[in-house]
Protein chains: 2
Amino acid sequence: MAPKTYNSSLPPIPSSSTFDPGRPHTHTHNNSNTQTTSADCPFCHISAVFRPYNPANPPPPTSALLDPELTSPQASAFVVLSTPHLVAFLDIMPLSTGHVLLCPRPHRPKLTDVSPAESAELGRYLRILSAAVVRATGVADWNVVQNNGAAAAQVVPHMHFHVIPRPELRDKRSERFTATMFGRGQRDELDEEEAAELAGRVRRAVAEIVWADAEGGAKL
Amino acid sequence: MAPKTYNSSLPPIPSSSTFDPGRPHTHTHNNSNTQTTSADCPFCHISAVFRPYNPANPPPPTSALLDPELTSPQASAFVVLSTPHLVAFLDIMPLSTGHVLLCPRPHRPKLTDVSPAESAELGRYLRILSAAVVRATGVADWNVVQNNGAAAAQVVPHMHFHVIPRPELRDKRSERFTATMFGRGQRDELDEEEAAELAGRVRRAVAEIVWADAEGGAKL
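Within each chain, residue numbers correspond to sequence positions counted from 1 in written order. Working convention: letters from A go to chains and numbers from 1 go to ligands, in the order in which they are written. For this predicted model, a pLDDT threshold of at least 70 governs which residues receive local features, and a threshold of 80 or more governs which side-chain atom pairs are given and counted, while totals over whole chains, interfaces and linings are taken from all residues. Heavy atoms throughout the structure, all of them, feed into the side-chain values; hydrogens and water do not.

An unreviewed UniProt entry lists chain A under the name HIT-like domain-containing protein, with Chaetomium fimeti given as the organism.

As structure tokens, then:
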């Protein structure tokens, strides 16, 4: 399915930012046998259909840029961050409310397959996204998990960081966390109405944090 | 215990690098109530006693810069990476051989407490360190885990990434992994002789990867 048209006239951004909407990667990476897109990869599909937007000024929830059904006939995707190099979205089988995934746009199977520049960008947005998830959920504690290879319980072979809020150590969801993070047990499917609302809150929180950083580092 | 003298005459580095040995952070961070050192924090102690060295050209294992007993009377520390902003060392209670921790030098309780620049540097070295651990252990699969807050099973309140090799999904160590990653079960203590040898291999692998990156991105 062809992606909808991308409106490249972006709203203003914080002055210290160097946002460039760029283009998604569809060429083959030099010096590597890793293709930048993989036909079977669901995260490559998400990267292909969701165009970048300015994280400091996200489109409204009604924007075609954010339509969760752009991925049709695959499962809907609720995007919370979309830059030229990275995309983040709600996990479709969340371990807790606010469970999001952050991945590079190109198909990089493991963390060691990303470029040096991509690795720095992942680090930068992992902090921003963590702070946004805390703000959007009101849950102060969370895990970051990134699995490399089948023995490490990696399921989708396109590298991604999990950001997983942990409401309480002893509640039922927490028990489930330890059992299911590494491939066992049951996870609930996302409720689409709640997901759309939550994704909007995360996008707005990302924008607030990017603005605060640009203004000189307000405490997160 | 006062740290031993730091020899600031560093060997040559790859030309594209901008390594500066700098000084450890001991001042108070602006715009934040977070102190950059905490008297009770074992990771602040490690940061204080191990001076930065050039990751592209690590000191020999006999160097005073790497003496594991610099931390005395606290547990020995086996450093695998030490830059002006970050330090990485073997976990003293490893879940598997090659289990290392990467943290910022200043006392940052959670990932959201690091600066934007520190977050990018963490991302950059997380990739390098992962590749180095794979190379030093011969184990191709691994987990990256970073816990924020007590509910997320964070034990030392100075943020750190775990890099944990996963030799096989079904072996005993893997069973133990799921049970112990989040605070339950038993972990073995590090054997100091094996640890010294392993840390040397990881330091050399880091150097090889930094050189390869500087030479234009050889496949890791």
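Examining the overall build of chain A
Assigned secondary structure in chain A consists of four helices and five strands. Ordered by position from the N terminus, the helices and strands of chain A form the series α-β-β-β-α-β-β-α-α. Whether a residue is buried, partly exposed or exposed follows from its accessible area with a 1.4 Å probe, protein chains only, as a fraction of its type maximum: under 20%, in between, or over 50%, in that order. Counting all 220 residues of chain A, 56% fall into the buried class. Accessible surface is estimated by sampling points in the Shrake-Rupley manner with a 1.4 Å probe; for residues, cover comes only from the protein chains shown. A total of about 9600 Å² of accessible surface is found on chain A, and carbon and sulfur atoms cover 51% of it. In this description a helix means any DSSP run of H or I spanning at least four residues, a strand means any run of E spanning at least two, and both kinds are numbered starting from the N terminus.

Overview of the nonpolar core
By nonpolar core we mean a set of buried residues, namely Ala, Val, Leu, Ile, Met, Phe, Trp, Tyr and Cys, connected to one another through side-chain atoms within 4.5 Å. Judged by nonpolar contacts, the single largest core of 66 residues is most densely connected at L102(A) and L102(B). A contact between two residues is defined here by any heavy atoms of the two lying within 4.5 Å. The contacts of L102(A), once residues within four sequence positions are left out, are L81(A), L86(A), V87(A), A88(A), L122(A), Y125(A), L126(A), L129(A), M159(A), H160(A) and F161(A).

Some details on the packing of helix α2 (residues 116–137) of chain A against helix α4 (residues 192–214) of chain A
Helices that pack against each other are described as a pair by the angle of their axes relative to one another and the distance between those axes. Residue and element names in this part refer to chain A. For every element, the axis is a line fit to its C-alpha atoms; helices are fit only across the contacting stretch, and the angle between N-to-C directions ranges from 0 to 180 degrees. At a closest axis distance of 8 Å, the pairing of α2 and α4 adopts a crossing angle of 125 degrees. For the element pair α2 / α4, the angle class is oblique. For the pair α2 and α4, the crossing hand works out as right-handed. Counting all contacts with α2, which are made through R127, I128, L129, A131, A132, V133, R135, A136 and T137, the residues of α4 involved are L198, R201, V202, A205, V206, E208, I209, V210 and D213. Side-chain classes follow a simple rule in which Ala, Val, Leu, Ile, Met, Phe, Trp, Tyr, Cys and Pro form the nonpolar group, Asp, Glu, Lys and Arg form the charged group, and the remainder, Gly included, forms the polar group. Among the residues making up the contact of α2 with α4, the classes are represented as 12 nonpolar, one polar and five charged. The scheme is simple: roughly parallel for angles under 35 degrees, roughly antiparallel for over 145, roughly perpendicular for 65 to 115, oblique for anything else. Each crossing is labelled by how the near helix is turned from the far one, with a counterclockwise turn of less than a right angle marking it left-handed and a clockwise turn marking it right-handed.

Some thoughts on the side chain of S96(B)
Residue and element names in this part refer to chain B. Residue position: S96 is located in the loop between β2 (86–90) and β3 (100–104). A relative accessible area of 6% means that S96 is categorised as buried. Contact partners of S96, with chain neighbours within four places excluded, come to I164, P165 and P167.

Concerning the packing of aromatic side chains
All names here are of chain B. Stacked, tilted and edge-to-face are the three classes applied to pairs of Phe, Tyr and Trp rings, where Trp contributes its six-membered ring and a pair requires centres within 6.5 Å; stacked means planes under 30 degrees apart, edge-to-face means over 60, and tilted covers the rest. Applying the stated criterion across every chain, the model contains two aromatic pairs over all chains. Seen in terms of ring centroids, F43 and F89 are 5.1 Å apart; in terms of plane orientation they differ by 65 degrees. Their pairing is edge-to-face. One end of the pair, F43, is in helix α1 (residues 42–49); the other, F89, is in strand β2, with 46 residues separating them in the sequence. The buried category is assigned to F89, whose relative accessible area is 3%.

Here's the deal with the pairing of strand β2 (residues 86–90) of chain A
Residue and element names in this part refer to chain A. Across the five residues of β2, five count as buried, placing the element largely inside the fold. When DSSP finds two or more bridges between a pair of strands, those strands are recorded as paired. Bridging between strand β1 (residues 79–82) and β2 involves three bridges; their strand directions are antiparallel. Note on β2: the bridge partner recorded for S82 is V87. Counting the residues in the hairpin turn of β1 and β2 gives three residues. Pairing between β2 and strand β3 (residues 100–104): five bridges, direction antiparallel. Within β3, the residue paired with A88 across the bridge is L102.

Re the pairing of strand β5 (residues 161–165) of chain B
The two faces of a sheet get side chains in turn, since along a regular strand they alternate between them. All names here are of chain B. β5 sits mainly inside the fold: five of its five residues count as buried. Pairing analysis gives three bridges linking β3 to β5, with the strands arranged antiparallel. When the sheet's bridge partners are listed, L102 is paired in β5 with F161. Across four bridges, strand β4 (residues 142–148) lies against β5 in antiparallel orientation. Bridged to W142 within β5 is P165.

Re unusual backbone geometry
All names here are of chain A. Residue S72 is joined to P73 through a cis peptide bond whose omega torsion reads 5 degrees. Position of P73 among the secondary structure elements: in the loop between α1 (42–49) and β1. A positive phi is found at A153, a non-glycine position, where the angle reads about 70 degrees. Considering the arrangement of structural elements, one finds A153 in the loop between β4 (142–148) and β5 (161–165).

Focus on the side chain of S130(A)
Looking at the element boundaries, S130(A) is found in helix α2. Here S130(A) falls in the buried class, since its relative accessible area comes to 0%. With residues near it in sequence (within four places) discarded, S130(A) still touches W142(A), V144(A), V163(A), L111(B) and T112(B).

Some details on α2(A)
Every helix has an expected span of 1.5 Å times one less than the residues it contains. End to end, α2(A) covers 31 Å across 22 residues, agreeing with the expected 32 Å (1.5 Å per residue, within 8%). Of all 22 residues that make up α2(A), 16 are buried, and the element is covered over most of its length.

Thoughts on the pattern of salt bridges
For this document, the term salt bridge refers to a Lys or Arg side-chain nitrogen within 4 Å of an Asp or Glu carboxyl oxygen. Per the counting criterion, the structure on display carries 12 salt bridges over all chains. Of the charged contacts, one joins R135(A) and E208(A) as a salt bridge, the two residues approaching to 2.7 Å between their closest N and O atoms. In this pair, R135(A) sits in helix α2 while E208(A) sits in helix α4, placing the two residues 73 residues apart along the sequence. For R201(B), the salt bridge is made with E197(B), and the minimal N-O distance between the two is 2.8 Å.

Digging into a negative patch on the surface
Candidate patch residues must exceed 30% relative accessible area and have no salt bridge, after which like charges are joined if within 9 Å and Val, Leu, Ile, Met, Phe, Trp or Tyr side chains if within 5 Å. For the charge count, each Lys or Arg is scored as positive and each Asp or Glu as negative, with His and the chain ends excluded. All charge positions are set by atom: Lys at NZ, Arg at CZ, Asp at CG, Glu at CD. A surface patch of like charges, here negative, comprises E69(A), E189(A), D191(A), E192(A), E193(A) and E194(A). Mapped onto the fold, E69(A) is located in the loop between α1 and β1.

A look at the sheet that holds β3(B)
Here we have 10 strands laid out as an open sheet, ordered β1(A)-β2(A)-β3(A)-β5(A)-β4(A)-β4(B)-β5(B)-β3(B)-β2(B)-β1(B), and antiparallel in their pairing. Every interior strand has two partners, whereas the edge strands, β1 of chain A together with β1 (79–82) of chain B, have only one. Averaged over all neighbouring strand pairs, the angle between strand axes comes to 15 degrees, with direction disregarded. Contacts from α2(A) reach β1, β2, β3, β4 and β5 of chain A together with β5 of chain B, with the element oriented near 165 degrees to β3(A).

So, the packing of α2(A) against helix α2 (residues 116–137) of chain B
In contact at an axis separation of 7 Å, α2(A) and α2(B) are set at 130 degrees when each is read in the N-to-C sense. For the element pair α2(A) / α2(B), the angle class is oblique. Considering how the two elements wind past one another, α2(A) and α2(B) form a crossing that is right-handed. Here α2(A) contributes P116(A), S119(A), A120(A), G123(A), R124(A) and R127(A) to the contact with α2(B), which in turn contributes P116(B), S119(B), A120(B), G123(B), R124(B) and R127(B).

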